[in-house]
Amino acid sequence: MHALVAWGAIAAPEMTGRDWQGRYVYEHDPGLTEGDATPLVSYDLALGLPGARGGCLLTIRGVQINERILCETRAEGATLTVTFHRYENGSLLNRYGSADHQPGESLFTLSKAAEGGAGLITRWHGLHPDGGSVAESGAYFLEMR
């Protein structure tokens with residue numbers, strides 16, 4: 001369902017953090033549950049002005065997950081790195097008391113291909129959707145501007 005693109009094949013137009021403002025969404029199907037229901041997990045990334053307080057918020061919602069992560073970003077060429085800052089409640093621990101991520105840890109990167117390219121490519125790092133169907137990189141997030 002998701003086309004994979006070789007990481008090195010992406011052209012790198014020069015971009016700034018401001019070019020990334022907007023909303024990006026990925027809906028992940030981790031597989032069937034009991035009763036054959038399909039539990040989608042939604043990853044909603046909202047990006048505001050670079051350096052603005054609250055300028056990066058990642059909301060992850062679905063069956064047995066409801067997290068809001070305050071993140072930080074760094075734009076380099078055509079790639080945006082999204083890093084963990086803390087959970088929205090100010091804690092470094094998730095609601096189960098576990099420290100899944102450390103401040104400054106790269107959660108994933110987004111890369112914009114040159115015009116006519118494959119679009120937006122995600123490369124997972126510290127955050128990786130559950131389920132065996134998600135490759136390390138691919139066309140996952142859609143820009144919703």
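Predicted model, so just to flag it, every value in this text is computed and none were measured.

Cut-offs used in this document
- Residues numbered from 1 in each chain as written.
- Predicted model: local features only at pLDDT ≥ 70, side-chain atom pairs only at ≥ 80, totals over all residues.
- Heavy atoms only, no water.
- Phe/Tyr/Trp six-rings, centres within 6.5 Å; stacked < 30°, edge-to-face > 60°.
- Buried < 20%, exposed > 50% of the residue type's maximum accessible area, 1.4 Å probe, protein only.
- Pairing = 2+ DSSP bridges.
- Helix = DSSP H or I, 4+ residues; strand = E, 2+ residues; numbered from the N terminus.

Our focus in this paragraph is the packing of aromatic side chains. On inspection of all chains with the given rule, the structure shows 11 aromatic pairs. Here the aromatic rings of W20 and Y24 are separated by 6.3 Å at their centres, their planes lie at 45°, and the arrangement is tilted. With a relative accessible area of 1%, W20 lands in the buried category. An aromatic cluster is present here, built from Y26, Y43, F108, W124, Y140 and F141 joined pairwise through their rings.

Direction of pairing for strand β4 (residues 65-76) relative to strand β5 (residues 79-87): antiparallel, over a ladder of 8 bridges. Residue pairing for β5: L70 is matched across the bridge by R86. In this structure, the hairpin formed by β4 and β5 is closed by a connection of 2 residues, where G77 is found at a positive phi of approximately 60°. Note that β5 and strand β6 (residues 106-112) share 5 bridges and pair antiparallel. Counterpart to T81 in the pairing with β6 is T109.

Functional significance is not addressed by these values, which are geometric in nature.
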